[in-house]
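Remarks on the overall topology
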Amino acid sequence: MIPNAASYRLANARIHASLTKGVAAAFDSDGFARVDISVADGKISGITAHDRSKAAADAVDVAGRIVLPCFVDCHTHIDKGHIWPRKPNPDGTFMGALNAAGADRVARWSAEDLARRMDFSLRAAYAHGTSALRTHIDSVAPQEEISWPVFETMREAWRGRIELQGACLLGIEGVRDNKWFDRLAKRVAAARGVLGVVTYMVPDLEKLLDQVFAQAIKHGLDLDFHADETDDVAATSLKKIAEAALWNGFEGKVLVGHCCSLARQPDLEVLDTLDKVAKAGLAVVSLPMCNLYLQDRRADQTTPRWRGVTLLHEMKARGIPVAVASDNTRDPFYAYGDLDMLEVYRMATRILHFDHPVADWPQAVAATPAKVMRLDGFGTLATGGDADFILFKGRSWTELLSRPESDRIVVRAGRAIDRQLPDYAELDGLMVE
Ligand SMILES: [Zn+2]
């Protein structure tokens, strides 16, 4: 369907208003417009309203199928990915995940083990149509000395296919050893990474957050937090992060993931937190699949009663940039997943009600995370931009989100890529107990 040529035109493609820039076309109530997309030398050379009477003879008619820009996945853990067969979560709980993943890291995460699993994950993400991805990197000593060089090698190997970003990951208590944390921040800065920690309600949280912000300012780093991944209403570290960003006058970007407990708190508390998050300019990413899996998991095998996700609608209404992302894949934090952002969007639509209207929710898997990751030109279709897009079978939201779209066509720099997914058997050698 995509010509193997330096230049061509796709006629009659459906694009979405929220994921295009500078297109003069009539967008319908679902946000779609029918356009012709011209491609030349790996770039989009024009997007014009589709006019059947003027259709060029050499154009390929895609019959109203949806074309979206490649996805941007801003919260993943490809260093943990695919360890499930050798280290499953014994009971599906958050503590079960933490303990299992920690034990596996100590016992098994050599440079070779990491590199093979990370490459496997990136091949899947690429085949599904992702062009940029941020991964958290477990950085508890001595793992940081093994994992960061692997990350740097992987980033170079994948340059041009997936723009890879790394954020360090450690519990907030790890910051108490300020000397070590300073060294870690320096290492992260050397890798042009992002400073990340997991926050929960320790007594000295405010002081530790100040140390995190101070290191970010000192080394010129953006920040990325895991916050309040719990149903405990007393977990308010999202608010503490917003307050710390304000009183430290932080000017970098801050992304906060999870924020599950916010959905359990009383309205007045929620409003106060959201006001501060908006004022501080924080962005929030929800991880709907992991949250559904881990939150409200009950030891007595009774049925979960809530969805685990945070208040994305209320955040977006306040102008807070919101995204959804993959999080874990086939590890103790989530037994499933393949870094397919269409699956994430489909699940988010169902779990978080990204529909009726769809409005600008598609930005949550492309344009918004691209901005948070400072990636110009990613997550949007525009004339002059790279011809990186996905051609789906679906012609409407209900067609797009009802099937896996395993036969989607991913186009990079104007050419359809080989979408062969890596075979699980490739990892068998790493899974021996
Ligand atoms: Zn995470």
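An account of the accompanying structure is given in this report. (Residues numbered from 1 in each chain as written. Predicted model: local features only at pLDDT ≥ 70, side-chain atom pairs only at ≥ 80, totals over all residues. Heavy atoms only, no water.)

1. Concerning the coordination of the zinc ion
Looking at the zinc ion, one finds its protein donor set to be His-75 (NE2), His-77 (NE2), His-226 (NE2) and Asp-327 (OD), positioned 2.0 to 2.4 Å from the metal centre. Here the zinc ion binds four donor atoms, and the angle range of 87 to 175° at the metal identifies the geometry as irregular. Read from N- to C-terminus, the donor residues coordinating the zinc ion fall into the pattern H-x1-H-x148-H-x100-D. Of this pair, His-75 sits in strand 6 (residues 71-76) while Asp-327 sits in the loop between strand 13 (322-324) and helix 10 (341-352), placing them 252 residues apart in sequence. (Donors = N, O, S within 2.8 Å, 3.2 Å for Na, K, Ca; no water. Tetrahedral: all angles 85-135°; square planar, octahedral: opposite > 155°, others 65-115°. Helix = DSSP H or I, 4+ residues; strand = E, 2+ residues; numbered from the N terminus.)

2. Re helix 2 (residues 111-128)
Every α-helix carries 3.6 residues per turn, so stepping three or four residues along brings you back to the same face. With 18 residues, helix 2 extends 26 Å from end C-alpha to end C-alpha; this agrees with the ideal 26 Å at 1.5 Å per step. By the burial criterion, the buried members of helix 2 are Asp-113, Leu-114, Arg-117, Met-118, Phe-120, Ser-121, Leu-122, Ala-124, Ala-125, Tyr-126, Ala-127 and His-128. A positive backbone phi angle near 110° is found at Gly-129, which sits one or two residues after helix 2. (Expected span 1.5 Å × (residues − 1). Buried < 20%, exposed > 50% of the residue type's maximum accessible area, 1.4 Å probe, protein only.)

3. A closer look at the pairing of strand 3 (residues 43-49)
Where a strand is regular, its side chains alternate between the two sheet faces. The pairing of strand 2 (residues 32-40) with strand 3 spans six bridges and is antiparallel. Within the sheet, the bridge partner assigned to Val-39 lies in strand 3 and is Ile-44. Counting the residues in the hairpin turn of strand 2 and strand 3 gives two residues, including Asp-41, whose phi is positive at 50°. (Pairing = 2+ DSSP bridges.)

4. Looking at the packing of helix 2 against helix 3 (residues 143-158)
For any two helices packed against each other, one specifies the crossing angle of their axes together with the interaxial distance. It is at 10 Å that the axes of helix 2 and helix 3 come closest, and there the two elements cross at 40°. In terms of their interaxial angle, helix 2 and helix 3 are classed as oblique. Of the two elements, helix 2 crosses helix 3, and the hand of that crossing is right-handed. Contacts between helix 2 and helix 3 pair Ala-111, Leu-114, Ala-115, Met-118, Asp-119, Leu-122, Arg-123 and Tyr-126 from the former with Gln-143, Ile-146, Ser-147, Val-150, Phe-151, Met-154 and Trp-158 from the latter. (Axes fitted to C-alpha atoms, helices over the stretch in contact; angles between N-to-C directions. Parallel < 35°, antiparallel > 145°, perpendicular 65-115°, else oblique. Left-handed = near helix turned anticlockwise from the far one by under 90°. Contact = heavy atoms within 4.5 Å.)

5. A short note on the pattern of salt bridges
According to the stated counting rule, one finds 28 salt bridges in the structure shown. When the shortest N-O distance is used, the salt bridge between Asp-113 and Arg-86 registers 2.8 Å. Note that Asp-113 is positioned in helix 2 and Arg-86 in the loop between strand 6 and helix 1 (94-108), a separation of 27 residues in sequence. The partner of Asp-388 in a salt bridge is Arg-412, and the shortest N-O contact between them spans 3.3 Å. Taken together, the residues Asp-388 in the loop between helix 11 (367-372) and strand 14 (389-391) and Arg-412 in strand 15 (residues 409-412) connect sequence positions 24 residues apart. Where salt bridges share partners, they join Lys-239, Glu-243, Glu-269, Asp-272 and Lys-276 into one cluster. (Salt bridge = Lys/Arg side-chain N within 4 Å of Asp/Glu carboxyl O.)

6. Some thoughts on unusual backbone geometry
Here the residue pair Ala-141 and Pro-142 is connected by a cis peptide bond, since its omega of 0° sits within 30 degrees of zero. Looking at where Pro-142 falls in the secondary structure, it is placed in the loop between strand 7 (130-138) and helix 3. A cis geometry characterises the amide bond from His-356 onward to Pro-357, with omega recorded as 5°. Positionally, Pro-357 belongs in the loop between helix 10 and helix 11. Residue Asn-12 is not a glycine yet carries a positive backbone phi of 65°. Relative to the assigned elements, Asn-12 resides in strand 1 (residues 7-16). Among the residues examined, Asn-12 registers a relative accessible area of 8% and is labelled buried. Even without being glycine, Leu-339 reaches a positive phi, approximately 55°.

7. Structural notes on the sheet that holds strand 8 (residues 163-169)
Across the sheet, which stays open at both edges, the three strands sit in the order 6-7-8 with parallel pairing between neighbours. Each edge of the open sheet carries a strand with a single partner, namely strand 6 and strand 8. Between one strand axis and the next, the sheet turns by 15° as a mean value, whatever way the strands run. Across four bridges, strand 6 lies against strand 7 in parallel orientation. Within strand 7, the residue paired with Phe-71 across the bridge is Thr-130. On top of the sheet, helix 2 reaches strand 6, strand 7 and strand 8; it is set at about 150° to strand 7, its chief contact.

8. Looking at the pairing of strand 7
Within strand 7, nine of the nine residues are buried, which leaves it mostly tucked inside the rest of the structure. Handedness of the β-α-β unit built from strand 7, helix 3 and strand 8 comes out right-handed. (Right-handed = clockwise from strand over helix to strand, strands pointing away.)

9. Side note on the sheet that holds strand 12 (residues 283-286)
Taken in spatial order, the five strands of this open sheet run 9-10-11-12-13, and their pairing is parallel. In the strand order of this sheet, the two ends are held by strand 9 (195-199) and strand 13, each with one partner. The sheet shows a mean angle of 20° between the axes of neighbouring strands, direction not considered. The sheet contact formed by strand 9 and strand 10 (residues 223-227) spans five bridges and is parallel. Within strand 10, the position partnered with Thr-199 by the bridge is Ala-227. Helix 6 (residues 237-247) contacts strand 9, strand 10 and strand 11 (254-258) of the sheet and is inclined by roughly 155° relative to strand 10.

10. Some points on the nonpolar core
If you look at the biggest cluster of nonpolar residues, it comprises 113 residues, and the most contacted ones within it are Phe-225 and Leu-282. Sort the elements by how many residues they give to this core and helix 10 lands first, with seven residues. Not counting residues within four places of it along the chain, the set of residues in contact with Phe-225 comprises Val-197, Thr-199, Leu-209, Val-212, Phe-213, Ile-241, Val-254, Leu-255, Val-256 and Gly-257. Among the nonpolar cores identified, the runner-up in size contains 18 residues, and Leu-10, Val-23, Ile-37 and Val-39 belong to it. (Core = buried A, V, L, I, M, F, W, Y, C linked by side-chain atoms within 4.5 Å.)

11. Some words on helix 3
Relative to the 22 Å expected for 16 residues at 1.5 Å per residue, helix 3 spans 22 Å between its end C-alpha atoms, a close match to the ideal helical length. Against the buried residues of helix 3 lie helix 1, helix 2, strand 7, strand 8 and helix 4 (178-190). Count one or two residues on from helix 3 and you reach Gly-160, which has phi positive near 95°.

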